[in-house]
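Below are the chains, spelled out letter by letter.
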Amino acid sequence: MVEKPGAAPGQSKTIDASSLQTEPGLHDSHVSLVLEMRSSQSTTHIITLPEGADDLRIQRDNAEQPIRRENRYLTLTLPPGRHAFSIIWRQPTGLSTMFRAPAVDLGLPSANSTVTINLGERQRWVLWLHGPSMGPFVQFWAALAVLLLASLVLVRSQLTPLRARHWFLLGLGLLQVGTLPSLVVPFLLLALGLRARHVPGAERPLRYDLGQVALLVLLVMSLIVLVNVADLGLWRTPDMMIAGNNSTVSHLEWGQDRVGRTLAQPTLLSMPMWVYRLAVIAWFLWLGISLLGWAGWAWKCFKQHGLWRPLSRPLSLPPPSP
């Protein structure tokens, strides 16, 4: 007797990929959820939207679909085969100091999951990011730890009157111009300290004069660096050294190969840009007051062994005849 075999046990639908994108605004957020699903039979699937989701739109394979929703539960009609769903809604939570991606329960585990926070043109001072390991992170705090260690090392050289807190605050503002340009001002201060201690030989005036010229060049370069710090601090977005998973300061993306029913909820800690501008102004006020005290020391170091040395000795005149 021949019988038709029954269906093998197992789930009849899967989520091959999921992508949640959030664009936070001042008072609300625009959220888009894209699902790539497969089903072996015609069925329905229920996902749970976050609290307060409104202005809902659903597309299946780029075609508008009727909305079947009960409270937070959204029912999707899933024919056999592979299909792409696009679900768009408005979330009544805008960008704040602590912003978190909305919680979405897909009802099934998902592969190839991404969660994105797009800040767009909204400039924010991003301070901290938290989410899955395959995502962006703020490298600025690691650079700050290195700066603190370097400040403790530089103060032990005793070449300058700067204390550890001076080196740290100076480097804190210079970090915005990049690694190499930020070294110009500290190098000038150390070079002045070395010049004050070094007593050049009288037989090498050319070497001494070239050293004086090099100090003047470093002084000009330092002024250019400080002007760039002002430009970056007062008009541009701060460089918090955000890196990881092709993310930028305006596009933050986290990825996971596999995720459970609930999508990840990355967290963004940021401040309004005016807070950063005030911090830059405070730094420049401190720098201006400090430079008034350092200028006298720098001039003393520069002229301690003479501003310039003649390259040739003056001709000695014969003694007058009696």
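Preceding this paragraph is the structure being described.
Residues numbered from 1 in each chain as written. Predicted model: local features only at pLDDT ≥ 70, side-chain atom pairs only at ≥ 80, totals over all residues. Heavy atoms only, no water.

S.K.: When you look at the overall build of the protein in this model, what are you seeing that I'm missing?
M.R.: Within the protein, the secondary structure is distributed over six helices and 15 strands. A globule of 322 residues ought to have a C-alpha radius of gyration of about 20 Å, yet the protein, at 32 Å, is considerably larger. Principal-axis analysis of the C-alpha atoms gives the protein an extent of 145 × 50 × 35 Å. Of all 322 residues assigned to the protein, the portion counted as buried reaches 42%. A sequence separation of at least 24 residues applies to 79% of the contacts in the protein between residues at least 6 apart. Of the roughly 19000 Å² of accessible surface on the protein, 62% is carried by carbon and sulfur atoms. When the 28 basic and 19 acidic side-chain charges of the protein are each reduced to a single mean position, those positions are 16 Å apart. (Helix = DSSP H or I, 4+ residues; strand = E, 2+ residues; numbered from the N terminus. Rg over C-alpha atoms; globule rule 2.2 N^0.38 Å. Buried < 20%, exposed > 50% of the residue type's maximum accessible area, 1.4 Å probe, protein only. Contact = heavy atoms within 4.5 Å. Areas by Shrake-Rupley, 256 points an atom, 1.4 Å probe, with all protein chains shown as cover. Lys, Arg positive; Asp, Glu negative; His and termini not counted. Charge placed at Lys NZ, Arg CZ, Asp CG, Glu CD.)

S.K.: How should the packing of aromatic side chains be read in this particular structure?
M.R.: The description of an aromatic ring pair uses the distance of the two centres, along with the angle that the planes make with each other. Applying the stated criterion to the full structure yields six aromatic pairs. For the ring pair Trp125 and Tyr276, a centre distance of 5.1 Å and an interplane angle of 65 degrees mean the geometry is edge-to-face. Of this pair, Trp125 sits in strand 11 (residues 124-130) while Tyr276 sits in helix 6 (residues 273-303); the two residues are 151 residues apart in sequence, bridging distant segments of the chain. Of the two residues examined, Trp125 and Tyr276, each falls in the buried class. Residues Trp286 and Trp294 carry aromatic rings whose centres are separated by 6.1 Å and whose planes lie at 80 degrees to one another, so their mutual orientation is edge-to-face. Among the aromatic residues, those joined into a cluster by ring pairs are Trp283, Phe284, Trp286 and Trp294. (Phe/Tyr/Trp six-rings, centres within 6.5 Å; stacked < 30°, edge-to-face > 60°.)

S.K.: Would you mind showing me how to read the pattern of salt bridges here?
M.R.: Where charged atoms of side chains with opposite charge meet at close range, the side chains can pair. All told, the structure shown has eight salt bridges when counted by the stated rule. For Asp16, the salt bridge goes to Arg82, with nearest N and O atoms at 2.9 Å. Placement of the pair is Asp16 in strand 1 (residues 13-24) and Arg82 in strand 8 (residues 81-91), with a sequence separation of 66 residues. What makes Arg82 exposed here is its relative accessible area of 57%. Measuring nitrogen to oxygen at the nearest pair gives 3.2 Å for the salt bridge that ties Asp105 to Arg261. One end of the pair, Asp105, is in the loop between strand 9 (98-100) and strand 10 (110-118); the other, Arg261, is in the loop between strand 14 (251-259) and strand 15 (267-272), with 156 residues separating them in the sequence. Salt bridges here are not isolated pairs; linked through shared partners, they connect Asp28, Asp54, Asp55 and Arg90. (Salt bridge = Lys/Arg side-chain N within 4 Å of Asp/Glu carboxyl O.)

S.K.: Help me understand the environment of Leu210 in this model?
M.R.: Relative to the helices and strands, Leu210 is located in helix 5 (residues 205-235). For Leu210, a relative accessible area of 53% translates into the label exposed. Residues Leu210 and Trp308, 98 residues apart in the sequence, show an inter-C-alpha distance of 9.6 Å.

S.K.: How should I be thinking about helix 4 (residues 184-197) in this particular structure?
M.R.: Three or four residues apart is the spacing at which side chains of an α-helix point the same way, because the helix has 3.6 residues per turn. An ideal rise of 1.5 Å per residue puts 20 Å on 14 residues; helix 4 measures up with 20 Å between its terminal C-alpha atoms. A large share of helix 4 lies buried, amounting to eleven of its 14 residues. Those residues of helix 4 lying buried are Val184, Val185, Pro186, Leu188, Leu189, Leu190, Ala191, Leu192, Gly193, Arg195 and Ala196. (Expected span 1.5 Å × (residues − 1).)

S.K.: Would you mind showing me how to read the side chain of Arg124 here?
M.R.: Examined against the element boundaries, Arg124 turns out to sit in strand 11. With no salt bridge to any partner, buried Arg124 finds its closest opposite charge in Asp28, at an N-O distance of 14 Å. In contact with Arg124, not counting residues within four places along its chain, are Leu95, Ser96, Thr97, Thr237, Ser270, Met271, Pro272 and Met273.

Purely geometric stuff here, so don't read any function into it on its own.
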